[in-house]
Amino acid sequence: MEISIDLAFIRGILKQEAERARDEIRNQGMLRAHENSQGRHDAVIASAPDVDSLACRAGCTWCCYFSVDVRAVEVFGILDFIDREFTDVQRGRVYAEIRANSSALRGLDEMERMHRNVKCPFLDEGRCTIYAVRPQTCRNYHATNAAGCQQSFEEPDNLEIDPEFAPYVYQAGGAHVDAFSNAMQEAGYDSCVYELNVALDAALSEPAARERFHSKLPPFTKLVGTDAPAQFDDLLEPEG
Ligand code: SF4
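Along each chain, residues carry numbers from 1 onward, in the same order as the chain's sequence is written. Whole-chain, interface and lining totals are the exception, using all residues; otherwise, since this is a predicted model, local features are given only for residues with pLDDT of at least 70 and side-chain atom pairs are given and counted only at 80 or more. Only hydrogens and water are set aside when side-chain values are computed; all heavy atoms of the structure are taken into account.

Things to note about the overall build of the chain
Then comes step 1: Assigned secondary structure in the chain consists of 10 helices and 4 strands.
Then comes step 2: Numbered from the N terminus, helices here are DSSP runs of H or I no shorter than four residues, and strands are runs of E no shorter than two. N-terminal to C-terminal, the α/β element order of the chain is α-α-β-α-α-α-β-β-α-α-α-β-α-α.
Then comes step 3: For this measure, only C-alpha atoms enter the radius of gyration; the expected value for a globule follows 2.2 Å times N^0.38, where N is the number of residues. Relative to the globule expectation of 18 Å for 240 residues, the C-alpha radius of gyration of the chain, 17 Å, shows essentially globular dimensions.
Then comes step 4: Residue exposure (1.4 Å probe, protein chains only): buried if accessible area is under 20% of the type maximum, exposed if over 50%, otherwise partly exposed. Split into buried and exposed, the 240 residues of the chain put 44% on the buried side.
Then comes step 5: In this description, contact between two residues means that some pair of their heavy atoms is separated by no more than 4.5 Å. Partitioning the intrachain contacts of the chain with sequence separation of at least 6 by distance along the chain shows that 80% fall at a separation of at least 24.

Right under this line is the structure:
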């Protein structure tokens with residue numbers, strides 16, 4: 001689906017989020033800054049002019065079987081949430097699913113992963129059990145017709161499906177993520193993208209990963225991330 005890009009709209013979100021993110025990363029630390037940014041991310045999407053056209057509803061879970069990209073900062077936020085909120089039984093079940101998914105997906109490239117449906121370990125009885133800290137990829141879903149999501153689920157080998165989506169929600173979410181990632185990168189933190197299950201598995205098996213992240217080193221010794229696919233980054237003004 002072709003869309004018209006609204007430069008003023010995108011630039012407004014980039015500027016606003018970049019300034020807040022830079023300031024908070026400097027003064028509050030990376031994890032807290034990210035937590036704050038997640039709240040703004042939801043607010044920016046909720047105020048997009050076409051938000052009411054979204055088909056995304058509680059209980060609709062087609063996209064929770066698709067490959068999810070995350071950054072390391074999101075992985076540590078999710079693990080902290082699990083530590084705080086999950087029972088031992090829930091934790092054990094989720095960790096087992098993460099490990100099983102990770103061994104199925106590790107070594108596949110992005111295209112190969114797109115052809116696979118894998119249930120997200122956090123999907124339980126039709127709901128997201130980490131909703132407050134769900135990844136940016138999940139926050140950015142912008143479908144206006146769930147039939148397209150269902151078709152992608154039913155035909156994972158068909159990459160020609162072109163779902164209908166809300167252009168302003170897409171631009172708002174993309175610009176917000178680009179601005180925060182750019183601020184994180186400027187501050188020297190790892191901003192690479194990893195597959196959700198593989199990165200969680202790596203973080204669970206490498207306790208030093210968090211410390212390496214905070215020391216601005218690549219967090220996972222056995223995982224190579226890919227550069228973040230910025231959508232609107234080139235529209236962002238440098239800090240000055
Ligand atoms: S984290 Fe939540 S919203 Fe995202 S794929 Fe998993 S269950 Fe779905």
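So, the packing of helix α2 (residues 30-46) against helix α8 (residues 167-186)
Then comes step 1: Viewed as axis vectors pointing N to C, α2 and α8 meet at an angle of 165°, and their least axial separation amounts to 9 Å. Between α2 and α8, the angle falls in the class roughly antiparallel. Crossing angle aside, the handedness with which α2 passes α8 is right-handed. Between α2 and α8, the contacting residues are M30, A33, H34, S37, R40, H41, V44 and I45 on the first element and V169, A172, G173, H176, V177, F180 and M184 on the second.
Then comes step 2: Just so you know the grouping, Ala, Val, Leu, Ile, Met, Phe, Trp, Tyr, Cys and Pro go in nonpolar, Asp, Glu, Lys and Arg go in charged, and all remaining residues, Gly too, go in polar. The class makeup of the residues in the contact of α2 with α8 is 9 nonpolar, 5 polar and 1 charged. To get an axis, a line is fitted to the C-alpha atoms, and for a helix only the part in contact is used. The angle between two axes follows their N-to-C directions and goes from 0 to 180 degrees. Small angles under 35 degrees read as roughly parallel and large ones over 145 as roughly antiparallel, with 65 to 115 read as roughly perpendicular and the rest as oblique. We call a crossing left-handed when the near helix sits turned anticlockwise from the far one by less than a right angle, and right-handed when that turn is clockwise.

Thoughts on a nonpolar patch on the surface
Then comes step 1: Patch criteria: residues need more than 30% relative accessible area and no salt bridge. Like-charged residues are merged within 9 Å; nonpolar side chains of Val, Leu, Ile, Met, Phe, Trp and Tyr are merged within 5 Å. All accessibility values rest on the Shrake-Rupley procedure with a 1.4 Å probe; residue burial counts only the protein chains present in the view. The term salt bridge refers to a side-chain nitrogen of Lys or Arg lying within 4 Å of a carboxyl oxygen of Asp or Glu. A contiguous nonpolar patch, built from M111, M114 and L159 and spanning about 270 Å² of accessible area, is present on the exposed surface.
Then comes step 2: With respect to the helices, strands and loops of the structure, M111 is situated in helix α5 (residues 110-114).
Then comes step 3: Take M111: its relative accessible area is 45%, and that puts it in the partly exposed class.

A word on the packing of aromatic side chains
Then comes step 1: Each aromatic pair joins two rings of Phe, Tyr and Trp (for Trp, the six-membered one) with centres within 6.5 Å, and gets the label stacked for planes under 30 degrees apart, edge-to-face for over 60, and tilted for any other angle. One pass over the structure, following the stated rule, counts 9 aromatic pairs.
Then comes step 2: Residues F76 and F213 carry aromatic rings whose centres are separated by 5.5 Å and whose planes lie at 50° to one another, so their mutual orientation is tilted. One end of the pair, F76, is in helix α3 (residues 72-85); the other, F213, is in helix α10 (residues 209-214), with 137 residues separating them in the sequence.
Then comes step 3: Look at F76 and you get buried, because its relative accessible area is 2%.
Then comes step 4: Measuring from ring centre to ring centre gives 5.4 Å for Y189 and F213, while their planes differ by 40°; the resulting arrangement is tilted. Residue Y189 is located in the loop between α8 and β4 (194-195), and its partner F213 is located in helix α10; the two are separated by 24 residues in the primary sequence.
Then comes step 5: Through a chain of ring-to-ring contacts, the aromatic side chains of F76, Y189, Y194, F213 and F220 assemble into a single cluster.

Quick word on the nonpolar core
Then comes step 1: As used here, the term nonpolar core means buried Ala, Val, Leu, Ile, Met, Phe, Trp, Tyr and Cys residues forming a set that is joined through side-chain atoms within 4.5 Å. Residues F122 and F220 are the most contacted members of the largest nonpolar core, which totals 41 residues.
Then comes step 2: The set of elements that each furnish at least two residues to this core consists of α1 (7-28), α2, α3, α4 (88-105), α8, α9 (196-205) and α10.
Then comes step 3: Once you skip the residues sitting within four places of it in the chain, F220 turns out to touch A72, F76, Y194, A199, A202, A203, E206, A209 and R212.

Here we look at the side chain of N140
Then comes step 1: Following the sequence through the fold, N140 ends up in the loop between α6 (136-139) and α7 (146-154).
Then comes step 2: N140 sits in the buried class, given a relative accessible area of 15%.

Digging into the confidence of the model for the chain
Then comes step 1: Taken residue by residue, the chain gives an average pLDDT of 92. The fraction at 70 or more is 95%.
Then comes step 2: In the model of the chain, α5 stands out as the element of lowest mean pLDDT, 88, in contrast to α3, which has the highest, 98. Confidence scores labelled pLDDT are given residue by residue by the predictor and lie between 0 and 100.

Let's talk about the pattern of salt bridges
Then comes step 1: One pass over the structure, following the stated rule, counts 16 salt bridges.
Then comes step 2: A salt bridge links D42 to R139, with the shortest nitrogen-to-oxygen separation between them at 2.9 Å. With D42 in helix α2 and R139 in helix α6, this pair connects stretches of sequence that are 97 residues apart.
Then comes step 3: With a relative accessible area of 5%, R139 lands in the buried category.
Then comes step 4: Close ionic contact of E97 with R93 constitutes a salt bridge, the shortest N to O distance being 2.7 Å. One end of the pair, E97, and the other, R93, are both in helix α4, 4 residues apart, so they sit about a helical turn from each other.
Then comes step 5: Classification of R93 as partly exposed rests on a relative accessible area of 29%.
Then comes step 6: Beyond isolated ion pairs, a larger network of salt bridges with shared partners links E17, R20, E24 and R40.

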